[in-house]
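Report on the structure
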There are 2 protein chains.
Amino acid sequence: MSLVVVGSVAYDGVETPHGKVGRMLGGAGTFIALSASFFTKVNLVGVVGEDFRAEDESVLRDRGIDLSGLEKAPGKTFFWAGVYSDNMNERTTLTTELNVFADFNPKLPPSYRSAPYAFCGNIHPALQKQVRAQMTAPRFVGGDTMNFWIEGTPKELAETIREWDFLLINDSEARQLSGEHNLRRAARKILEMGPQTLVIKRGEYGAILFRPGGYFVAPGFLLEEVFDPTGAGDSFAGGFMGYLAQQGVSELDQASHQHLRRAMIYGSVMGSFCCEQFGVNRLRTLSREDIERRYQEFKAFTDF
Amino acid sequence: MSLVVVGSVAYDGVETPHGKVGRMLGGAGTFIALSASFFTKVNLVGVVGEDFRAEDESVLRDRGIDLSGLEKAPGKTFFWAGVYSDNMNERTTLTTELNVFADFNPKLPPSYRSAPYAFCGNIHPALQKQVRAQMTAPRFVGGDTMNFWIEGTPKELAETIREWDFLLINDSEARQLSGEHNLRRAARKILEMGPQTLVIKRGEYGAILFRPGGYFVAPGFLLEEVFDPTGAGDSFAGGFMGYLAQQGVSELDQASHQHLRRAMIYGSVMGSFCCEQFGVNRLRTLSREDIERRYQEFKAFTDF
């Protein structure tokens, strides 16, 4: 079933110990949409500037992503540049030029509104809230946030996530949002804020799924070479949501629990592939067989 | 089958955000032996001073640990004191008084020598080497090391681990020993140094088992409250080796692979219990049923 993905479509400049790319297709919405497109029909909502290249639009279109919701605005596309430390554990932002993304106000085209699934990338929580409001039959809706909104707009964020079925954040964001250092206690507090499904990402160490009735720990994949970690968390989100949308999972459905666990693994699989090449390159060449093979590898290295 | 445990028996002073204990039973050998004692017969080799209290000896004896190899030397028992940061992620050593441990030279009493299993805690690699040399029918022998020996005595360390069946170290030690940041590549290099079983501990994130034919990732247990992490890695080692000794695992035995995976989980179980109270307190009150219950919890939160 269809998944609406809301988020930035951008140009990234990235430097890692493996090399440097001055300008390439990036943005959370891009990674989420590309990753989810291996599982389900994706409807993208975003904004780009006049400098957005036809060949980059084709990267998305070639994966069958609906771009009716990708607005083209006067001005330049969001640009971000960053550099990774030698061991890739730290990232320093060099440039953030919001450009047309500064005035982004997500509008779902009529053809998107009946989609049951939506993932809202990290934007102002008041804008995230409007996404769900535009959906006519929301079944499983949620998204991401970041420290900037947790600190700056806590009230708006609380109102948004109160209506969400799931929240997908990293460990430091979970600690900040809950005021609890311990992840189990942090998770319990966050589940009381609204979302009944919480995914806490832990970078290379994997991710944890928390539900009122239990939890599930997904390990990170041990890559031999991390080429460029940019977009790995968003690729996780895309694999997670794409699989759930493919399976038609409903929050109220008991059978969903097993699907949620598998979605965590598919998310991890997609995040791991993303790191293998610069930017979206690996997601462009990936096949469904590659994904299944790595999913089976997760089975093999976790079975006891 | 019997397991020889070689390592420090000490007094620890520990301060965590939950409280402070000025002096209590500790030491790697103590944690390893206590943890392993839930699975198999343990023969401890260590040294204590004249100040070693009868009640602390009873803690070991009450768990059925053979103390024929626990030497009592003139002088004081090894004393270590440290303080943990607020989030427990950092530990600062306040005092290290080696005392009688400075001259420790592990001697296996005749009754220990036919034991097939041995775990050598972190001491000078030349001394670790002598442990295996004293065994008459070694089946699965290995141990731990640390940055101090990796830097200071690389030649002796290489000679020791060349003869070992397994090595159990943490991620930063694995990186230092191999000169590789990436854990998969680090593991490949270390497996070429001798041990055909390598366990890399990752603190709260769990541990990874590497073998020439594959690997296994054990997640860390999500405790709600980490009271005192001192000894958690040693308790992991004790659970890991204790289970293998109980199962009679042989390095050459194909059936061992599944046992090695389960041993990783039992290690994680024991490490998690250790953190629940100060020092060895939780290991004193633990039951085999508690262990099985947590093992099943690992099954539940990793199954997909």
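Residues numbered from 1 in each chain as written. Chains lettered and ligands numbered in written order. Predicted model: local features only at pLDDT ≥ 70, side-chain atom pairs only at ≥ 80, totals over all residues. Heavy atoms only, no water.

1. What about the overall build of chain A?
- Assigned secondary structure in chain A consists of 11 helices and 13 strands.
- Whereas a compact globule of 304 residues would reach a radius of gyration of roughly 19 Å, chain A reaches 18 Å, a difference of no more than 12%.
- For the C-alpha atoms alone, the extent of chain A along its principal axes is close to 50 × 45 × 35 Å.
- Here chain A holds 304 residues, and 59% of them are scored as buried.
- Looking at chain A as shown, the accessible area adds up to about 11,600 Å², and 48% of this sits on carbon and sulfur atoms.
- Where the 32 positive side-chain charges of chain A centre and where its 37 negative ones centre are 5 Å apart. (Helix = DSSP H or I, 4+ residues; strand = E, 2+ residues; numbered from the N terminus. Rg over C-alpha atoms; globule rule 2.2 N^0.38 Å. Buried < 20%, exposed > 50% of the residue type's maximum accessible area, 1.4 Å probe, protein only. Areas by Shrake-Rupley, 256 points an atom, 1.4 Å probe, with all protein chains shown as cover. Lys, Arg positive; Asp, Glu negative; His and termini not counted. Charge placed at Lys NZ, Arg CZ, Asp CG, Glu CD.)

2. Structural notes on the confidence of the model for chain A
- In this model, chain A carries a mean pLDDT of 96, and residues with pLDDT of at least 70 account for 100%.
- Predicted complex, confidence summary: ipTM 0.93, pTM 0.95. (pLDDT = per-residue confidence, 0-100.)

3. A word on the interface of chain B and chain A
- Contact with chain B, which involves 34 residues of that partner, is made by 34 residues of chain A.
- Regarding the contact of chain B and chain A, the summed buried area is about 3,400 Å², with carbon and sulfur atoms giving 50% of it.
- Broken down residue by residue, the surface that chain B buries against chain A is led by Leu222(B), Glu224(B) and Phe304(B), which jointly contribute 28%.
- Across the contact surface, chain B and chain A share eight salt bridges.
- Measuring nitrogen to oxygen at the nearest pair gives 3.3 Å for the salt bridge that ties Glu225(B) to Arg185(A).
- If you look at where chain B meets chain A, you find 22 residue pairs in polar contact (both at pLDDT 80 or more).
- Those elements that place two or more of their residues in the side of chain B that touches chain A are helix H7 (183–191), strand E12 (207–211), strand E13 (214–218), helix H9 (256–274) and helix H11 (288–302) of chain B.
- Here the element with the most residues in the side of chain B that touches chain A is H11(B); it accounts for seven residues. (Contact = heavy atoms within 4.5 Å. Buried area = accessible area lost by both parts, 1.4 Å probe. Salt bridge = Lys/Arg side-chain N within 4 Å of Asp/Glu carboxyl O. Polar contact = N/O pair within 3.5 Å; in protein donor to acceptor, adjacent residues only side chain to side chain.)

4. Some words on the relation of the copies chain B and chain A
- The transform that puts chain B on chain A rotates by 180 degrees and translates by 0.0 Å along the axis, for an RMSD of 0.0 Å. This pairing of chains is accounted for by a two-fold axis.
- With an isologous cut-off of 70% or more, the 100% of interface residues of chain B that recur at the interface of chain A puts this contact in the isologous class. (Least-squares fit on C-alpha atoms with pLDDT ≥ 70 in both.)

5. As for the sheet that holds strand E6 (residues 79–84) of chain A
All names here are of chain A.
- Read across the sheet, four strands follow the order E3-E2-E6-E7 without closing on themselves; strand pairing throughout is mixed. Single-partner strands in this sheet number two, and they are strand E3 (19–26) and strand E7 (91–97). When strand polarity is set aside, the average angle formed by the axes of neighbouring strands in this sheet is 15 degrees.
- Relative to E3, strand E2 (residues 10–16) runs antiparallel, the two sharing six bridges. What sits directly across from Val-14, in E3, is Val-21. (Pairing = 2+ DSSP bridges. Axes fitted to C-alpha atoms, helices over the stretch in contact; angles between N-to-C directions.)

6. Side note on the pairing of E12(B)
All names here are of chain B.
- In terms of burial, E12 is a largely internal element, five of the five residues being buried.
- Where burial is concerned, the two faces of E12 agree: the one with Ala-207, Leu-209 and Arg-211 and the one with Ile-208 and Phe-210 are both buried.
- Across four bridges, strand E11 (residues 197–201) lies against E12 in antiparallel orientation. Bridge pairing in E12 places Val-199 opposite Leu-209.
- Hairpin connection, E11 to E12: the antiparallel pair is bridged by five residues, and Gly-203 has positive phi, about 60 degrees.

7. A short note on the environment of Lys20(A)
Residues and elements named next belong to chain A.
- Mapped onto the elements of the fold, Lys-20 is located in strand E3.
- Overall, the relative accessible area of 64% leaves Lys-20 in the exposed class.
- When the C-alpha atoms of Lys-20 and Val-83 are compared, they prove to be 8.8 Å apart, with 63 residues separating the residues in sequence.
- Excluding residues within four positions of it along the chain, Lys-20 makes contact with Val-14, Glu-15 and Phe-278.

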